[in-house]
Amino acid sequence: MQETRSTCPYCGVGCGVIISSDGQQITAVRGDPAHPANQGKLCTKGSSLHLTAAPALARQSRLLQPMQRLQRGAAPEARSWDTALDSLANQLLQIHANHGPDALGFYLSGQLLTEDYYVFNKLVKGLLGTNNLDTNSRLCMSSAVAGYKATLGADAPPACYEDIDLAGCLFISGSNMAWAHPILFRRVEEAKARHPERKIIVVDPRRTETAELADLHLALQPGTDVMLCHGLLHIMLAQGWADPAFIDAHTSGFAQLHAIVREATPERVAQVCGLALADLYLAAQWLAWGGADAPGTNSERLPTLSLYCQGLNQSSSGTANNAALINLHLATGQIGKPGAGPLSLTGQPNAMGGREVGGLSNLLSAHRDMANPQHRAEVAQMWGVDTVPALPGKSALEMFEAAADGQIKALWIACTNPAQSMPEQAMVRRALERAELVVVQEAFAQTETTAYADWLLPATTWGEKLGTVTNSERRISRVRAAVAAPGQARHDWQIGVQLAQRLERHLRPGRPSLFTYDTVQAERGCEAIWVEHRDSTRGRDLDITGLSWALLEAQGPQQWPLPSGASQGRQRLYSDGRFATDDGRARFDAQAWKPVAVPRDAHYPFSLNTSRLRDQWHGMSRTGQLGRLFAQASEPSLQAHPQDMQQLQLQDGDLVQLRSRYGSLVLPVQADAGLQPAQLNLPMHWGSMHLSGSTVDGQRLTGVNALTTPERCPRSKQPELKHVAVQLEKA
Ligand code: SF4
């Protein structure tokens, strides 16, 4: 038996795993006691990983060879890799020549490894000359990115997991981390059990399992987070609970924010958010003073840590939500010290690593900005290309909208399932039908998106892949292969390199290759990509020039930054009071509250929220194969308040029709007293394999995204997946 240390491929906690295998087959998995993220623990999803890798399941579910669909709707036919890559390179070059590079769009995934991302970023922005590369992180973390950059100057979560053990107050907002980040929540529970006097505030419209642990649950109305934060700051300032010395010494822009916050009186905030005045005062006090029962002097201030996720991010005010929360930390000096600071919980396992290499349409390598001419010149020089294009790339939804309009002719989709996971499904499906070329690079054969592919390219997945990932606390871990790739599956970066080598023969004839990574000796080739990424971070906020794969091997996962000469990574950022802005001062972000994009009205009188289950992951390509992971929820069901069920004469299990302005679904309903009246909740995991919806514009819509809105945050371009107004009636 062989043991291999690797990382769980699901959520952004980034737990270490030890995989047992017999050389051919993965036989068991357990938590890695040496990994700082989980110290040996695994949740139900992580501890079932070996079962999802069973050969019998793999034979049913995996894509094992390149396939071509000669006609849309026809069965795909097997091809060799050389045929597939030669043909695809020719088709891309033809579209490039006829319509220009911006007729190409690449849509990747927060589940790719850092090296996969790096290669595709270089291929698309460096070689093909378009910035049309975005990822499903746009649906997940782009508001957190924009919020950090607007306030702290860099996309860098300043706190770490150890701060959970040290915080006097935990402010958990827009996150049911008991289900979405279970192992980190265990740490919250353990800290609370050791120190019952410490305070937990949970901000969530729904009484979730996370809220059950709270000393104070603020069940606010959906989309009122900015108003809540402004109201809390109003109270802190009025009560003398802010930290004026910190504001003076380390921040800018306070006067503009103060002018907005002045209007957020406790009475107005209580009315807009639907909260009790006394709860607002208590929350403001605990947040400012780290859970202390009586406010004291500045030196007696205990630390407050905020943990937050999609409830803030997936909003038409996503950036403002993030920034308003960070404003509270800046106004009270609750940042840069043990137990204090904002810490966004990453949804996907490697959304952080993707951002590090510039894996969004507005980013470049090592947290550089595509809009910055100096950054473009630096990256062009590193890659050995003449220029990196200046024209803004399209974000995720924009890319599909451009394909639906006929501007984008080719869509290359890797490791993600937009025909299930994107809002405005009718538009997404129009885009997939209208594009001249749809390539899906995937481990799994049957997803909603594979049905639209002209070409299917088999990719490796967990247990077979190698590279690195970065978790929510900036910790870089190795991902290692325990078994060989099945069938003809290749690593995502290998596919990118082999495509790039074909393209550059035409795009850069006679010039040296930009993609010399060894695709035969995969460990060597992958490390060479990582080294190139590492070198690109020199002098940047995420500088890891002191890190190597040998050091990761010898000392285990490390946090960034870890610059040359440092003996270990930095646990916390901004401890010296200097931020990543030009003048070293953090910036208060002054944005007035705006209501949700599609509010309730007389025709659509219910608010629909979407959520994760504990035991399923995203669109269920992997977790949906295991019976045991359906024990928590065996079928899709809508949750509604008992009072609404009674009014509509509904019983548990009755079929209901749910209709928004975008589409409709029929599914069973269950009562949930944790909701407020007029609010509904629907888990996001089920797609067309399990749930069918209405037909709009000739497109059969499926899953929760038959209903969700494409309205998005104007700054982060992240869609408002967490709220849409709907009608509810008995089916
Ligand atoms: Fe995997 Fe997240 Fe569970 Fe850890 S908490 S085992 S990373 S799904």
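Sequence order as written defines residue numbering, which begins from 1 separately in each chain. Only residues with pLDDT of 70 or above have their local features reported here, since the model is predicted, and side-chain atom pairs are shown and tallied only from 80 upward, although totals for entire chains, interfaces and linings are computed over all residues.

With an unreviewed UniProt entry as reference, the protein chain is termed Molybdopterin-dependent oxidoreductase, source organism Comamonas piscis. According to its UniProt record, the protein chain has this under Sequence similarities (unreviewed entry): "Belongs to the prokaryotic molybdopterin-containing oxidoreductase family. NasA/NapA/NarB subfamily." UniProt positions are given in the numbering used here, feature names are shortened, and annotations may be inferred rather than shown by experiment.

Asks: Any chance you could break down the overall build of the protein chain for me, citing the residues and the numbers?
Replies: When helices and strands are tallied, the protein chain shows 26 helices and 30 strands. Each of the three principal axes of the protein chain carries a C-alpha extent, and together these read 70 × 65 × 55 Å. Counting only residues that meet the buried cut, the protein chain has 61% of its 731 residues in that class. Restricting to contacts in the protein chain with at least 6 residues of sequence separation, those with at least 24 account for 73%. The helix and strand labels rest on DSSP assignments: H or I over at least four residues marks a helix, E over at least two residues marks a strand, and numbering proceeds from the N terminus. Burial in this document is a count-based property: other C-beta atoms within 10 Å of a residue's C-beta are tallied, and the residue is buried at 20 or more, exposed at 12 or fewer, or partly exposed in between, with C-beta positions derived from the backbone. Residues are defined as contacting one another if the C-beta atoms placed from their backbone atoms lie within 7 Å.

Asks: So what about the packing of helix α20 (residues 396–404) against helix α22 (residues 425–434)? Which residues, and what values?
Replies: The axes are straight lines fitted to the C-alpha atoms, using for helices just the contacting stretch, and the angles between their N-to-C directions are given from 0 to 180°. Running from amino to carboxyl end, α20 crosses α22 at an angle of 55 degrees, the nearest separation of the two axes being 7 Å. On the basis of their axis angle, the class for α20 and α22 is oblique. Between α20 and α22 lies a crossing of left-handed hand. Across the interface between the two elements, F400, E401, A403 and A404 of α20 pack against M427, V428, R430, A431 and R434 of α22. Just so you know how the angles are binned, under 35 degrees is roughly parallel, over 145 roughly antiparallel, 65 to 115 roughly perpendicular, and the rest oblique. Should the near helix be turned anticlockwise from the far one by less than a right angle, the crossing is termed left-handed; should it be turned clockwise, right-handed.

Asks: Describe the site of the ligand, with residues and values.
Replies: Being near a molecule or strand means, for a residue, that its C-beta atom, positioned from the backbone, comes within 6 Å of it. In the vicinity of the ligand lie 14 residues, with C8, C11, C15, C43 and G46 positioned nearest. For the shell around the ligand, the secondary-structure elements that each account for two or more residues are α1 (44–47) and α9 (182–194). As annotated, the domain borders come from an automatic or database domain assignment. Residues from two domains meet in the shell around the ligand; each of domain 1 (2–61) and domain 3 (142–345) gives at least three.

Asks: Provide a residue-level description of the packing of helix α4 (residues 81–99) against helix α23 (residues 492–507), including the pertinent values.
Replies: Between α4 and α23, the least distance of the axes is 9 Å, while the angle of their chain directions is 50 degrees. It follows from the interaxial angle that α4 and α23 lie oblique. α23 is crossed by α4, and the crossing has right-handed handedness. Along its contact with α4, which presents L85, D86, L88, A89, L92 and L93, the element α23 presents Q498, L499, R502, L503 and H506. Any residue outside Ala, Val, Leu, Ile, Met, Phe, Trp, Tyr, Cys, Pro, Asp, Glu, Lys and Arg is labelled polar, Gly included; the first ten of those are nonpolar and the last four are charged. Here the residues of the contact of α4 with α23 are counted per class, giving seven nonpolar, two polar and two charged.

Asks: Describe the domain arrangement of the protein chain, with residues and values.
Replies: In terms of domains, the protein chain is made up of domain 1 (2–61), domain 2 (67–138 + 350–535), domain 3 (142–345) and domain 4 (606–730). Here the C-alpha centre of domain 3 lies 37 Å away from the C-alpha centre of domain 2. The partner domain 3 presents eleven residues to the eight residues of domain 2 that form the contact. Taken together, the residues of the side of domain 2 that touches domain 3 break down into one nonpolar, three polar and four charged.

Asks: Just give me the short version of the sheet that holds strand β4 (residues 67–68), but keep the residues and values in it.
Replies: An order of β5-β4-β18-β17-β16-β6-β7 is seen for the seven strands of this open sheet, with the pairing classed as mixed. On the outer flanks of this sheet lie β5 (77–78) and β7 (133–135), each paired with one strand and no other. When strand β17 (residues 437–442) meets strand β18 (residues 455–458), the two strands line up parallel, connected through four bridges. Looking across to β18, one finds that Q441 is bridged to L457. Sitting on the sheet, α20 touches β6 (104–108), β7 and β16 (410–414), and the angle it makes with β6 is about 140 degrees. Between any two strands, pairing holds if DSSP finds at least two bridges.

Asks: Give me the lowdown on the UniProt feature "domain: 4Fe-4S Mo/W bis-MGD-type" (unreviewed entry) in the protein chain, citing residues and values where you can.
Replies: The residues that UniProt annotates with the feature "domain: 4Fe-4S Mo/W bis-MGD-type" (unreviewed entry) are residues 1–57. Counted over residues 1–57, helix gives 19% and strand 32%. Its end C-alpha atoms are 21 Å apart.

Asks: Help me get a handle on helix α13 (residues 254–261), residues and values and all.
Replies: Restricting attention to buried positions, one finds in α13 the residues F254, L257 and V261. Here the buried residues of α13 occupy an arc of 65 degrees about the axis, which is enough to place them on one side. Exposed side of α13, more than 90 degrees from the buried face: A255 and A259 are the residues found there. Considering only its buried residues, α13 is in contact with α11 (225–239), α12 (244–250), β11 (251–252) and α17 (318–331). When we speak of the arc, we mean the arc of directions from the helix axis to the C-beta atoms.

Asks: Quick rundown of the environment of A390? Include the residues and the values.
Replies: Among the secondary structure elements, A390 is positioned in the loop between α19 (373–383) and α20. On the basis of neighbour counts, which here come to 11 C-beta atoms within 10 Å, the residue A390 falls in the exposed class. In this structure the C-alpha to C-alpha distance between A390 and V357, which are 33 residues apart in sequence, comes to 17 Å.

Asks: Can you tell me about the nonpolar core, naming the residues and giving the values?
Replies: Here, a nonpolar core denotes buried Ala, Val, Leu, Ile, Met, Phe, Trp, Tyr and Cys residues that are linked to one another through C-beta atoms within 7 Å. Within the largest apolar cluster, 190 residues are counted, with the highest numbers of intra-cluster contacts made by L170, I201, L232, L287 and L411. The next biggest cluster of nonpolar side chains, apart from the first, holds 25 residues, and it includes L650, L665, L680 and A725.

Asks: Outline the sheet that holds strand β20 (residues 475–479), listing residues and values.
Replies: Taken in spatial order, the three strands of this open sheet run β19-β20-β21, and their pairing is antiparallel. Of all the strands in the sheet, the pair left with one neighbour each is β19 (467–470) and β21 (558–559). Here two bridges tie β20 to β21, and the two strands are oriented antiparallel to one another. Each bridged residue has a counterpart across the sheet, and for I476 the counterpart in β21 is Q558.

Asks: Lay out α20 with the relevant residues and their values.
Replies: Two residues of an α-helix separated by three or four positions point the same way, owing to the 3.6 residues in each turn. Taking burial as the measure, the nine residues of α20 include eight buried ones, the bulk of the element. Along α20, the residues classified as buried are A396, L397, E398, M399, F400, A402, A403 and A404. Close packing links the buried residues of α20 with β6, β7, β16, α21 (418–421) and α22. Just beyond α20, the residue with positive phi is G406, at close to 90 degrees.

Asks: Quick one: what's the story with unusual backbone geometry, residue by residue and with numbers?
Replies: Put simply, W560 and P561 share a cis peptide bond, and its omega is 0 degrees. Inspection of the secondary structure assignment puts P561 in the loop between β21 and β22 (586–587). Phi at H618 is positive, roughly 45 degrees, even though this residue is not glycine. Here H618 is to be found in the loop between β23 (606–611) and β24 (638–640).

Asks: How would you summarise the confidence of the model for the protein chain if you had to cite specific residues and measurements?
Replies: Model confidence for the protein chain is summarised by a mean pLDDT of 95, while 98% of its residues fall at 70 or above. If you check the scores for this complex, the pTM reads 0.96 and the ipTM reads 1.00. A residue's pLDDT is the confidence the predictor assigns to it, expressed on a 0 to 100 scale.

Asks: Before we move on, can you summarise the environment of V439 with the specific residues and values?
Replies: With respect to the helices, strands and loops of the structure, V439 is situated in strand β17. Judged by C-beta crowding, with 23 C-beta atoms within 10 Å, V439 ranks as buried. The sequence separation of V439 and T450 amounts to eleven residues, and the corresponding C-alpha distance is 8.6 Å. Those residues in contact with V439, other than ones at most four positions away along the chain, are L88, W412, I413, A453, D454, W455 and L457.

Asks: Help me get a handle on the pairing of strand β27 (residues 679–683), residues and values and all.
Replies: For β27, the tally of buried residues reaches four of five residues, placing the bulk of the element in the interior. Sheet analysis places β23 next to β27, joined by five bridges and oriented parallel. Bridge pairing in β27 links T610 to L682. Alignment of β24 against β27, held across two bridges, turns out to be antiparallel. Bridging from a neighbouring strand, A640 pairs with L680 of β27.

Asks: Explain the pairing of β19 to me, using residue names and the numbers behind them.
Replies: In β19, alternate side chains face the same way, and those of G467 and V469 on one face and T468 and T470 on the other are all buried. Note: β19 against β20, four bridges, orientation antiparallel. The residue bridging T468 from the neighbouring strand is R478, located in β20. Taking the residues between adjacent antiparallel strands as the criterion, β19 and β20 are bridged by four residues, where R474 takes a positive phi near 70 degrees.

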